[in-house]
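# Results of the structural survey
Here's the letter readout for the chains.
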Amino acid sequence: MNTMGISTDPALLQVELSQNLLESPSVSTFMPEEEASIYPLLSSNTNGTITPLTFSHPLTPCIDNDNDSNMSTNLCNEDGKVETSSSSGSSSGIGISVPSDIDASTALFNKHSYKHLPNNNVIQDANGHGPNGNIPLPKDTPSFVSWNWPLIRKCTFFVFMSSLLAMCAIVVAMIVTLPNVCNPKTVWYRGNVFYEIFPASFQDSDNDGMGDLRGVAKRIDYLKALGVTAIRLNSVFNSPHYPEDFENVTSLKIIAPHLGHLDDMRQLTRMLHSHNISIILDIPLHPFIKKLGESRGGVFINNSINDIVDNEYETTVQPQIVVTENLITECLQYWLEMGIDGFYIKGLEHVEDIENLPYHLNEWKNLLGADKVLIIEAGVLSKLSLSQKQFALKHVDLIDVHLDVFAGTSQLEKKLNTLMHSEMRPSKTGVWIHWSLGGVDKVRLTRNQSSVDFTLAATLMQLMLPGTCNIFYGDEIALQAASDSLNEHVETKHLHHLAVMRWSFNDSLQFTNRETLPWLPKSPDADFHHLQYIEKMIALRNRSPSIYKNAICKTDAILQNTAIRRSHDDILVIERVYPRRNSFVSISNFGRKQVTMDMTSLYYSGIVMLNNSDQKIYFSDFKINAQETIIVRLDK
């Protein structure tokens, strides 16, 4: 059997086969009795003779067909060989073109031997070629076929990559600009820390022995490092003998000449604002002002203040705002134009027409606006009736409350819990408490009978309270009152608690130069080691909602986030919490003995803050030294 499966035995066919026919794989041999079935498919010429069909090899690449002529009997390959074989009378050979080995392979893999496209009416480019190079296109080919697809692909890829890179850049920029923490925000004067300064004792800039406004400007870096949000300048107005008699002011618009001029105040305000620090002025009324003044508005002449207050409180309808012609309103307008961010109106409890105060508070707050702060003393509220008090609290931002830390933890706990449930209790809107431990009319925290550690313990406890904290200058370093052991400054003895500020020996800038004596005797000592704890505590307060927020405000309720407890005789515990935030607790020992106690009924363990290392602490055997405050972040 050959490769085609046909027997080539000569005895069976009774013919002699050509050797070429036996070896050719493309030759078909038919039996004599098969001629009748083959001939009907053969075409005949005009002479009636039968012309055998020409079959090409199945692997022949092309057969050239012409529409205007009969099928060619010649093969596409002119070099092909034709072998015929005939029988002796009854068999006929069929001619089959067999290309040679070389020509067959060439024709088989020839890429340009396609004849299926028309040859006329084609679309060509400028070089006579179709869009694919060598193949012309017909007229009815869609236009997009002739587009420059390589260029389109490049442009599309470029646009895609550019868009991808732009989106990646936007995402990276958003991630970079995201804040480190996502804490609830408050108004700048709520929950932050103020720093109260007596300018004559803070920093001397002209070496005359007395501090001034330019000296305060030189210490802005110190204020920024401390972490305070605003400074309070008390007693900057002119008096007959400033600063010895700073309380008897003669004007609320003129600065004491020893402190500087109006341009110095403008420059100080601009510099503080550039460091994101606000400035607040104390406005001392007593004994300069005895009456608040009368209103020019007819609505207030025909009605008493009590009727207006009751109507305002019940219906929440704002009365007519009429600017009162008095010195306080003029003073506020004057300093607001200078860029001052708030005012502490002091001495209101001494005015004669205190019953008109709620209206004036309304007037002043509307004059200041929402972004300025208005502060009054807590003692003023005790002079008002219930309705007047309720109306006044609607137009005040901060109520100054002084804490006497020397009264004992029992009195301190009672006062704190009373304030937490009074009309000044924490709320979503309304007044906040302004906590103070010292001031121009208070004795220094560091006294002869107390150590410097007591001042640090009291200040850290203060910074754990809800509301706004006020630090009197020097308390952060436990500054003591001026020392006059020889009684050489008896005439200024009532001002010794306003001792000049002490600066570190490593600081090149001291209060004044060595050749000049300060206006008050120097303080005997200060502890600069305490400063780092105060800075860390202020930073912890600024970033912890559990401490700087005064309540947990929900849609249907206002929950307190402060718990005040007392343990033993000298231990005060303040706990601060906030949803999904760390909880903190401060334990203060204001006594003179070390205390060891078991507090596992309240807390289990935590991390001691304000230290360089995270120290683990367990409350089963809690120890605290005398006159010490420990801040602990509770374990969850």
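All residue numbers refer to positions counted from 1 along the written sequence of the respective chain. Reporting in this predicted model follows two pLDDT cut-offs: at least 70 for local features of residues, and 80 or more for side-chain atom pairs to be given and counted; totals over whole chains, interfaces and linings ignore these cut-offs and use all residues. Each side-chain value is worked out from all heavy atoms of the structure, with water and hydrogens disregarded.

### Looking at helix 8 (residues 262–274)
With 13 residues, helix 8 extends 19 Å between its outermost C-alpha atoms, agreeing within 8% with the 18 Å of an ideal straight helix rising 1.5 Å per residue. All of the buried residues along helix 8 are Asp-264, Met-265, Leu-268, Thr-269 and Leu-272. Down the axis, helix 8 shows its buried residues gathered within 135 degrees of arc, on one side only. Helix 8 presents Asp-263, Arg-270 and Ser-274 as exposed residues on the side facing more than 90 degrees away from its buried surface. The contact definition used throughout considers only heavy atoms, calling two residues in contact when any of these lie within 4.5 Å. A run of H or I in DSSP becomes a helix once it reaches four residues, and a run of E becomes a strand once it reaches two; helices and strands are each numbered from the N terminus. Packing partners of the buried residues in helix 8 comprise helix 6 (213–218), helix 7 (220–226), strand 9 (230–233), strand 10 (278–284) and helix 11 (327–336). Positive backbone phi, at 60 degrees, marks Asn-276, one or two positions downstream of helix 8. The span one expects for a helix is its residue count, reduced by one, times 1.5 Å. Each residue is assigned to one of three classes by its accessible area relative to the maximum for its type, calculated with a 1.4 Å probe on protein chains only: buried under 20%, partly exposed between the two thresholds, exposed over 50%. Directions pointing from the helix axis toward each C-beta atom define the arc.

### Some words on the sheet that holds strand 20 (residues 584–589)
What the 6 strands build is an open sheet, ordered 18-19-20-25-22-23; its pairing is antiparallel. Either end of the sheet is taken by a strand with one partner, and the two such strands are strand 18 (562–567) and strand 23 (615–618). Within the sheet, the average angular offset between the axes of one strand and its neighbour, ignoring direction, is 30 degrees. Bridge count for strand 22 (residues 605–608) against strand 23 is 4 bridges, and the pairing is antiparallel. Paired strands, as defined in this entry, are two strands with at least two bridges between them according to DSSP. Each axis is a line fitted through C-alpha atoms, taken for helices only over the stretch in contact, and angles between the N-to-C directions span 0 to 180 degrees.

### A word on the UniProt feature "transmembrane region" (unreviewed entry) in the protein chain
UniProt positions are given in the numbering used here, feature names are shortened, and annotations may be inferred rather than shown by experiment. With numbering aligned to this structure, UniProt lists the feature "transmembrane region" (unreviewed entry) at residues 157–178. Across residues 157–178, the secondary structure splits into 95% helix and 0% strand, with the terminal C-alpha atoms separated by 32 Å.

### Section: the pairing of strand 12 (residues 373–377)
Along strand 12, 4 of the 5 residues are buried, which leaves the element largely enclosed by surrounding structure. Relative to strand 12, strand 11 (residues 342–346) is paired through 3 bridges, and the arrangement is parallel. Directly across from Gly-342, in strand 12, lies its bridge partner Val-373. Crossover handedness is defined here as right-handed if the route from the first strand over the helix to the second strand goes clockwise, with the strands pointing away from the viewer. Remark: the strand 11/helix 12 (residues 357–368)/strand 12 crossover connection has right-handed handedness. Here strand 12 runs beside strand 13 (residues 398–402); their pairing, made up of 3 bridges, is parallel. Bridge pairing links Ile-376 to Ile-399 in strand 13.

### Regarding the sheet that holds strand 13
With parallel pairing, the 8 strands of this closed barrel are ordered in space as 8-9-10-11-12-13-14-15. Neighbour to neighbour, the strand axes of the sheet diverge by 25 degrees on average, direction disregarded. Pairing of strand 10 with strand 11 involves 5 bridges; the strand directions are parallel. Counterpart to Asp-282 in the pairing with strand 11 is Tyr-344. Packing of helix 15 (residues 409–420) onto the sheet brings it into contact with strand 13 and strand 14 (432–436), and relative to strand 14 it is tilted by some 160 degrees.

### Thoughts on the packing of aromatic side chains
What counts as a ring pair is set by centres within 6.5 Å for rings of Phe, Tyr and Trp (its six-membered ring), and what kind of pair is set by the plane angle: stacked under 30 degrees, edge-to-face over 60, tilted for all other angles. Here the structure, examined in full by the defined rule, presents 17 aromatic pairs. Relative to Phe-622, the ring of Phe-619 lies with its centre 5.5 Å away and its plane at 20 degrees, an arrangement referred to as stacked. Note on accessibility: Phe-619 and Phe-622 belong to one class, buried. Three or more aromatic residues joined by ring pairs form one cluster here, namely Tyr-195, Phe-202, Tyr-222 and Trp-503. Across from the ring centre of Trp-503, 3.6 Å away, lies the NZ or CZ of Arg-219, which sits over that ring. Whether a charge sits over a ring depends on NZ of Lys or CZ of Arg being within 6 Å of the ring centre and within 35 degrees of the ring normal. A cation over an aromatic ring shows up here: Arg-447 above the ring of Phe-406, its NZ or CZ 3.8 Å from the ring centre.

### A few points about the environment of Gln-627
Mapped onto the fold, Gln-627 is located in the loop between strand 24 (622–624) and strand 25 (628–634). Considering only alpha carbons, one finds Gln-627 and Asn-589, 38 residues apart in sequence, at a separation of 5.1 Å. Excluding residues within four positions of it along the chain, Gln-627 makes contact with Ser-451, Asp-453, Phe-454, Ala-457, Asn-589, Phe-590, Gly-591 and Arg-592. What qualifies as a polar contact is a pair of N or O atoms within 3.5 Å, subject to a donor-acceptor requirement within protein and to the restriction that residues adjacent in sequence count only when both atoms come from side chains. In terms of polar contacts, Gln-627 uses its side chain to reach the side chain of Ser-451, at 2.3 Å.

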